[in-house]
Amino acid sequence: MTLENTSFPAADLPKHERRFYSRTAAFGRFGLRQFRPYIMEMPHWHGHVECNFCEAAEMVYDFNGIRIIVPPETFVIFWAGVPHQLVEVNRQGTALPRLSNIYLPSDMFLLMPHIVQLQLALFSSAVVSAPPSLVSAAQIDRWYADYRSGEVERSEVVKMELNALFRRILLTPLRLLHAPGQEGDSGSRRLSSAHIRQVVDMTQFILENLEQPIRNADVAAVIGFHENYATSLFSRVMRMPIKKFVIRMRLMRARALLIESTAPIAQIADKAGFSSLTQFYSHFGKAYGMSPAAVRMQYVHNVLR
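Rules of the game
Residues numbered from 1 in each chain as written. Predicted model: local features only at pLDDT ≥ 70, side-chain atom pairs only at ≥ 80, totals over all residues. Heavy atoms only, no water. Helix = DSSP H or I, 4+ residues; strand = E, 2+ residues; numbered from the N terminus. Buried < 20%, exposed > 50% of the residue type's maximum accessible area, 1.4 Å probe, protein only. Polar contact = N/O pair within 3.5 Å; in protein donor to acceptor, adjacent residues only side chain to side chain. Pairing = 2+ DSSP bridges. Axes fitted to C-alpha atoms, helices over the stretch in contact; angles between N-to-C directions. Salt bridge = Lys/Arg side-chain N within 4 Å of Asp/Glu carboxyl O. Parallel < 35°, antiparallel > 145°, perpendicular 65-115°, else oblique. Contact = heavy atoms within 4.5 Å. Nonpolar A, V, L, I, M, F, W, Y, C, P; charged D, E, K, R; others polar. Phe/Tyr/Trp six-rings, centres within 6.5 Å; stacked < 30°, edge-to-face > 60°. Lys NZ or Arg CZ within 6 Å of the ring centre and 35° of its normal.

**What to know about the environment of Q139**
Then, in step 1: With respect to the helices and strands, the residue Q139 is situated in helix α4 (residues 137-148).
Then, in step 2: Of the residues examined, Q139 reaches a relative accessible area of 17% and is grouped as buried.
Then, in step 3: Polar side-chain contacts of Q139 include one of 3.1 Å to the side chain of R142.

This is the structure we're talking about:
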C-alpha cells in the first residue's frame, strides 16, 4: 500500500527543526527530525550527509535518476549533495510510518576521524546501509531526545556516537544500495574516488594549519595541481569556496575552545587562526547569532543546570 502524499504541517514542527535546514547555504545546521514521510514533488540537494531510518514503511528514492529501495527499519546514509527525491512510501503493516532524518553538515562529516573509506564512498555518490544489528528505533529515539534537549553536551555525545557507528559500519564490507560513481539518467560526470581523495587531503591540510595564514595556492600545493583546478574541485565537492570553508573550520575550532577551556577570548581567536579580534567577533556573530561570551555562558548554564 502506498502512503498518501501528506506530511506534518510546518507549524507543527518545532522552530529549531524548521530553521536548521538551508536551501541557499552550502552547509545547513546539524539536526534531527521525526515525521510522517511524504512524497517529494521534485529532486533536491543540500549540504549535508543525511541518515534516514523509516519505521513501518519501505521507501523508494530517485537518486540522481536511479531507483533505490530502502527496506523498513534500515539505517541508510548518503551525501545529500546528490539530487534525490522520495517518490514512494509503501506502508508495511497497520502502524503509521515514521521517518527519522539525521542531517550532518558535510564539513562536520569530513572532520570525523577514522572513516575515510566511508567519506570516499559517500562523496562518490554511494548509498550505504548499516547492518540491522547496529541501529534500532530505540537508539534513534535516544538521539532525538538528546538533540531536542537543547543541551550542548548531549548534542556532542550524539555526534560522537554517530562517529562510532560509522566506524562500526566499516568493520565489515560496506552494504551498498547504490555503488560509488554509478550514474543515473542525468548522465552527469561523476567525481572519481581520486578526486574525492584529493578533496579530503586538502581538507586535512586546512584542519592541520588553521592557526597559520592559508592561501588557496597553499591548499592546491597539497595535491600538486594548479590553483584554479584545485579550487574548482574543492568547490564542486564541498559546495563552498576554500576561503569560506577555512573560516567555517576556524569558527568550529573557536566554538570548541570556548566550551572546553577557560582561555581568554582573544587567545581563542588567535588559536583558531583569526587575524584580528574584530574579524573574529564579526564572523562568529554571523555564524552563531550570539557573541563568543554568550556561547560560553550558555554551555556553562547547561552543565550546571
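Next comes the rest of the description.
**A closer look at the sheet that holds strand β6 (residues 84-91)**
Then, in step 1: On the basis of which strands lie adjacent, the open sheet formed by three strands has the order β4-β3-β6 and antiparallel pairing. The open sheet terminates on both sides in strands that have one partner only, identified here as β4 (66-70) and β6. Strand-to-strand twist across the sheet, computed as the mean angle between neighbouring axes with direction ignored, equals 20 degrees.
Then, in step 2: One ladder, built from five bridges, connects strand β3 (residues 57-63) with β4; its direction is antiparallel. Considered in β4, the bridge of M59 is made with V70.

**A look at helix α3 (residues 116-123)**
The periodicity of an α-helix, 3.6 residues per turn, causes residues three or four places apart in sequence to face the same way.
Then, in step 1: Burial analysis of α3 places six of its eight residues in the buried class, the great majority of the element.
Then, in step 2: Among the residues making up α3, those that are buried are L118, Q119, L120, A121, L122 and F123.
Then, in step 3: Looking at the residues trailing α3, positive phi occurs at S125, about 75 degrees.

**What to know about the pattern of salt bridges**
Then, in step 1: With the rule as written, the count across this model stands at nine salt bridges.
Then, in step 2: Residue K159 pairs with E156 through a salt bridge whose shortest N-O separation is 3.2 Å. Here K159 and its partner E156 are both found in helix α5 (residues 152-169), three residues apart, which amounts to about one turn of the helix.
Then, in step 3: Classification of K159 by relative accessible area gives buried; the value is 17%.
Then, in step 4: By relative accessible area, E156 is classed as partly exposed at 25%.
Then, in step 5: D218 is the partner of R215 in a salt bridge, and the nearest nitrogen-oxygen pair spans 2.9 Å.

**Section: the pairing of strand β7 (residues 98-105)**
Then, in step 1: The buried fraction of β7 is high, at seven of eight residues.
Then, in step 2: Of the pairings in the sheet, the one linking strand β1 (residues 31-35) to β7 comprises five bridges and is antiparallel in character. Its bridge partner being in β7, R33 is matched across the sheet by N101.
Then, in step 3: Relative to β7, strand β2 (residues 48-55) runs antiparallel, the two sharing eight bridges. What sits directly across from H48, in β7, is P105.

**A look at the packing of helix α7 (residues 216-223) against helix α8 (residues 227-238)**
Any two packed helices are characterised by how steeply their axes cross, that is the angle between the axes, and by the distance between the axes.
Then, in step 1: Contact geometry of α7 with α8 gives a least axis separation of 8 Å together with a crossing angle of 90 degrees. The pairing of α7 with α8 is recorded here as roughly perpendicular in orientation. Within the contact between the two elements, α7 uses N216, A217, A220 and I223 and α8 uses E227, Y229, A230 and T231.
Then, in step 2: Here the residues of the contact of α7 with α8 are counted per class, giving five nonpolar, two polar and one charged.

**Examining the sheet that holds β2**
Then, in step 1: Overall, antiparallel pairing links the six strands, which are arranged β1-β7-β2-β5-β8-β9 in an open sheet. A single partner strand is all that each edge strand has here, and the edge strands are β1 and β9 (175-178). Sheet twist, expressed as the average angle between the axes of neighbouring strands with direction ignored, equals 25 degrees.
Then, in step 2: On the sheet, α3 packs against β2, β5 (75-79) and β8 (127-129) and is oriented at approximately 65 degrees with respect to β5.

**Re the environment of I115**
Then, in step 1: As for its position among the elements, I115 is in the loop between α2 (106-111) and α3.
Then, in step 2: Here I115 falls in the buried class, since its relative accessible area comes to 0%.

**Comments concerning the packing of aromatic side chains**
Then, in step 1: Inspection of every chain in the model, using the stated rule, returns 14 aromatic pairs.
Then, in step 2: Taking the centre distance of 4.7 Å and the plane angle of 45 degrees together, the rings of F284 and Y288 count as tilted. A residue pair is termed a helical-turn pair when its members lie 3 or 4 positions apart in one helix, as F284 and Y288 do in helix α11 (residues 277-288) at four residues.
Then, in step 3: R33 extends its terminal NZ or CZ atom over the ring of F35, reaching a point 4.2 Å from the ring centre.
Then, in step 4: Just above the ring of F30 sits the side chain of K159; from NZ or CZ to the centre is 5.0 Å.

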